[in-house]
Amino acid sequence: MKVDLYERIWMFGVAGMLVLFFASLANGAVNEGRHPPSHVETIDPSSVMKDPRFRVQGVRVDAEGQVHAWVVGLMFTWLPAELTLPADTPVTFHLTAIDVIHGYQIVRTNGQTMVMPGYVSQFTTQFDAGEYLVACNEYCGLGHHNMASKITVVPRDQWQVPGTEPETPHDSH
Ligand code: CUA
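Residues numbered from 1 in each chain as written. Predicted model: local features only at pLDDT ≥ 70, side-chain atom pairs only at ≥ 80, totals over all residues.

A word on the domain arrangement of the protein chain. Taken domain by domain, the protein chain holds domain 1 (1-34) and domain 2 (41-158). For domain 1 versus domain 2, the distance between C-alpha centres works out to 38 Å. (Domains from an automatic or database assignment.)

A few words now on helix H1 (residues 5-30). If you check H1, its first and last C-alpha atoms are 37 Å apart, about what 26 residues at 1.5 Å a residue would give, namely 38 Å. H1 sits mainly on the outside: zero of its 26 residues count as buried. (Helix = DSSP H or I, 4+ residues; strand = E, 2+ residues; numbered from the N terminus. Expected span 1.5 Å × (residues − 1). Buried ≥ 20, exposed ≤ 12 C-beta atoms within 10 Å, placed from the backbone.)

A few words on unusual backbone geometry. Backbone torsion omega between methionine 75 and phenylalanine 76 reads -5°, so that peptide bond is classified as cis. With respect to the helices and strands, the residue phenylalanine 76 is situated in the loop between strand E3 (67-74) and strand E4 (77-79). At the junction of leucine 79 and proline 80, the peptide bond is cis and its omega measures out at -5° in the coordinates. Following the sequence through the fold, proline 80 ends up in the loop between E4 and strand E5 (82-86). In this structure, aspartate 88 takes a positive phi of about 50° despite not being glycine. Position of aspartate 88 relative to the elements: it lies in the loop between E5 and strand E6 (91-97). Here aspartate 88 falls in the exposed class, since 11 other C-beta atoms lie within 10 Å of it. The backbone of arginine 108 shows a phi angle near 65°, a positive value even though the residue is not glycine. Here arginine 108 lies in the loop between strand E7 (102-106) and strand E8 (112-115).

Here you go:
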């Protein structure tokens with residue numbers, strides 16, 4: 001089959017780009033451990049408030065000193081409504097919803113995920129000191145536009161450790 005020279009150049013060009021894109025995706029997934037922030041961990045949406053992970057919402061520090069924020073979304077609020085976090089410190093957010101899909105967006109940061117009933121969404125990020133607005137960015141009902149909360153980030157040495165994380169909260173059902 002006769003393929004025109006320019007057509008052949010474009011074919012190889014496109015094939016090369018596809019290989020590059022897939023390689024980049026595979027590198028991110030395998031070498032850098034990137035994965036979607038959802039569908040990692042499941043939860044019964046009808047008993048979130050009794051679940052050991054989310055019974056007490058807010059900030060906890062685990063045995064390794066890693067900071068975690070546990071947040072529940074429901075029409076039309078985030079629990080807790082305010083978080084105080086240390087600056088320049090990785091914080092792992094764990095989020096779930098008890099009714100419908102919400103979207104947790106820490107405005108003007110890279111912290112954002114869908115929050116779905118039945119799943120625990122998770123991401124890790126860090127902040128400069130300051131105040132941040134958290135908006136819901138998935139339409140969830142009539143009060144959607146009012147579903148907001150606040151994150152206050154204070155310099156690390158002014159931050160109070162809110163107590164230690166209960167040991168293996170996943171097993172103590
Ligand atoms: Cu919650 Cu929109």
